[in-house]
Amino acid sequence: MQVQSMHFKRNASAKLNDAVLQRNMQKAKGKFVDGRAKAVSEVENWEAIRTHAAALRDQCLANLDAYLLEFEANATRHGAVVHWAETAAEACDIIVKIAKENGVAKATKSKSMVSEEVNLNERLEAAGIQPIETDLGEYILQLAGEPPSHIVAPAVHKSKEQVADLFVAAHGKPRLTDIPAMTREARDALRDHFLTADMGISGANFIIAETGTTLTVTNEGNADMVTTVPRIHCVITGVEKVIPTLEDFATLIRLLPRSAVGQTIANYLTLTTGTKMPGDQDGPEQMHIVLVDAGRTKFVGTDMQDMLRCIRCGACMNHCPVYQNVGGHAYGWVYPGPMGSILTPTYVGIENAGDLPNAATFCGECQVVCPVKIPLPDLMRKLRERQHDMRLRPWSERIPMAMWAFAAKRAGLYAFLSKWGARVGSWLGGRDRLIHSLPGIDGWTQGRDMPAPEGRTFRELYVQRRDKQ
Amino acid sequence: MSARENILARIRRQQGRSGPTTAEEMALVRANIREHGVGPKPLAAQAEDSLELFKRECQRLLTTFAEVDEATVPHEVARYCAEANIAKSLAGWREYSHLHWPAAGIDYAARAANKDDTVGFTGCFCAIAETGTLLLLSSPDQPKLNALLPETHICVVPKARIVPTMEDAFALVRTEVGEPPRSMFFVSGPSRTADIEQTIVIGAHGPYRVHVILI
Ligand code: SF4
């Protein structure tokens, strides 16, 4: 997917004025938030599980090279071929090469955000290989020619009417708007593809060092076919996804579906280790695992390494007031919401995604719900500081900031300015005690009013009351 | 240098370690793995009777179940198929082909399911009470497709094979099988999707119905 994050402000205002999107987003938000809250409330020791999960992710990241090597050794022992890609282009090159060498004409895919990140579908098509997205949400988006707007529910921005139109165009059948019937139509359309594809491409929610296992978590059952039926199975995943043992997976899977959609467990967990064994009636003859860096190691060993603990549950975006209103596309790349506001600037360069770390109200909800306790607001603040130091923020922001800093460091001056500021503000508030427009920063008051100050500052009141006693 | 070396070297350099990964570091990681440390489990999963918990979780997932003797499994399948109004022909695992299927009016084919089969019949390696989950391991006579392609999946679960948690299931794989087989497939209820308007629909790419027969 091409990076569009530099246009966040423009895209966000367009999305705010898009009535259909607004309606679709409002429908979705309650379901995610309530679902998670209910599922989490059923687990008395949720906090203890979270703490354990964060610690095990940290332990792995602290020895990432050794865990990756252990994974590689065990995967290889079971007959898989492990490939390494430093960049997005390299990852695509590897998969296209495997496909070409094996005469692959069609590849079924289960949902993989890494494959979106590296533009794999485009590259496969250019090489004459037909990629078929099989996750229902991704299938809808492939028909629409759009990128996902959510990492768990990629088509959350679409209404059933919009989907119905896409299905009529693609399937040439009578228009349906009953959701179960539409789902059935998509199932029928994809059935043959599952059975006739030469290659299955999946992501991996985690990879397990102990056994060389890769695994997928789905509700639809599509990943299970993608990893079972075709003669070649290709996994594309990030280098940070490695965890030590099967037991660690048991811990993480208690957190992932509950945080993502409020389910106690996802319907299908498929742990695949190596190739088909002698006599097996199903399973691939070749298994390839592509471990992708593409910016991930930029976090390693820095004060932002915590971000690599992410298990891609999407809870931070589901609970983000900015995401809930502008949707995922406004963020301009694969990863939206708070996690995207940290991943995108780091992966693609802070200069290409400058507004993202600022697209937050700092309400802190993302950190509260993150199952692996990533301090997302802190990390966004660090990126903001970095932007400031790199002089990447506009003058209109930097000059007022510098002025504020100058005044805040001088107590007398600050007292004087705030005293008069409060009085002017109070006067501007008029009868209804609301300021409707602020000269110079009228963008701020465009969509909201500012409550007027009451005329005295805290410091004045403090001095007054102290003297009375 | 290759991508592999570059990635590994970058990780080490940024974490303040020089040179390639040492034998001691690898030994430490392996020792940690061998401990198989278990994290905190939900209290509910520890306290309860596993069979009762399993049944309750199945209900939550919309998995139906019945309790019978092994010998009457074919009759239970016949009853279920009649009730659900589906054809009484199964693609099933070999290990259950010896049951008296014809007596119950059922046509049982011991083979991997294909796209025309409407009912897939399997056993399981074990089942997990905490989440109402079935664990199927791949092997020549236990094709996974029988649990995936047909619209109905019927699975036999011996009550003695219900373990409390996923950790217990993995421990059982280690003691009884050793190395994990090519596929460890955890099934929890019929397939579903909520990709159109977050509306839950049962029956996405996998089965519409999962029926567990407890013996
Ligand atoms: S940052 Fe946390 S909440 Fe957000 S997707 Fe990652 S794990 Fe989930």
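In this report, we go over the structure that sits alongside the text. (Residues numbered from 1 in each chain as written. Chains lettered and ligands numbered in written order. Predicted model: local features only at pLDDT ≥ 70, side-chain atom pairs only at ≥ 80, totals over all residues. Heavy atoms only, no water.)

Turning our eyes to something else, we now look at the pairing of strand β2 (residues 106-109) of chain A. Residues and elements named next belong to chain A. Of the two faces of β2, the one holding Lys 106 and Thr 108 and the one holding Ala 107 and Lys 109 are both buried throughout. Relative to strand β3 (residues 130-133), β2 is paired through four bridges, and the arrangement is parallel. Residue pairing for β3: Lys 109 is matched across the bridge by Glu 133. By the bridge criterion, three bridges tie β2 to strand β4 (residues 199-202) in an arrangement that is parallel. Along β4, the bridge assignment pairs Thr 108 with Gly 200. (Buried < 20%, exposed > 50% of the residue type's maximum accessible area, 1.4 Å probe, protein only. Helix = DSSP H or I, 4+ residues; strand = E, 2+ residues; numbered from the N terminus. Pairing = 2+ DSSP bridges.)

Let's shift gears to helix α15 (residues 337-348) of chain A. One full turn of an α-helix is made of 3.6 residues, so residues set three or four places apart face in the same direction. Residues and elements named next belong to chain A. Taking 1.5 Å of rise per residue, the twelve residues of α15 would be expected to cover 16 Å, and the 16 Å separating its terminal C-alpha atoms lies within 8% of that figure. The element α15 is extensively covered by neighbouring structure, given that twelve of its twelve residues are classed as buried. Gly 337, Pro 338, Met 339, Gly 340, Ser 341, Ile 342, Leu 343, Thr 344, Pro 345, Thr 346, Tyr 347 and Val 348 are the residues of α15 that are buried. As for α15, its buried residues are in contact with α6 (113-117), α13 (315-318), α14 (321-326), α16 (365-369) and α17 (376-389). Following α15 by one or two positions, Gly 349 has its phi on the positive side, about 100 degrees. (Expected span 1.5 Å × (residues − 1). Contact = heavy atoms within 4.5 Å.)

Overall, the coordinates contain 15 aromatic pairs over all chains when judged by the stated rule. Between A:Phe8 and A:Tyr331, the ring centres sit 5.4 Å apart and the planes meet at 55 degrees, which makes this aromatic pair tilted. Remark: A:Tyr331 occurs in the loop between α14 and α15 and A:Phe8 occurs in helix α1 (residues 8-16); sequence separation between them is 323 residues. Relative accessible area serves as the criterion here: at 0%, A:Tyr331 is assigned to the buried category. Arranged with centres 5.8 Å apart and planes meeting at 75 degrees, the rings of B:Phe170 and B:Phe186 form a pair that is edge-to-face. (Phe/Tyr/Trp six-rings, centres within 6.5 Å; stacked < 30°, edge-to-face > 60°.)

To continue, consider the interface of chain A and chain B. Taken together, the contacts link 107 residues of chain A with 78 residues of chain B. Inspection of the chain A/chain B interface yields 13 salt bridges. Across the salt bridge formed by A:Glu42 and B:Arg60, the nearest N and O atoms sit 3.2 Å from each other. Here chain A is connected to chain B by 55 residue pairs in polar contact (both at pLDDT 80 or more). Among the residues making up the side of chain A that touches chain B, the classes are represented as 46 nonpolar, 32 polar and 29 charged. (Salt bridge = Lys/Arg side-chain N within 4 Å of Asp/Glu carboxyl O. Polar contact = N/O pair within 3.5 Å; in protein donor to acceptor, adjacent residues only side chain to side chain. Nonpolar A, V, L, I, M, F, W, Y, C, P; charged D, E, K, R; others polar.)

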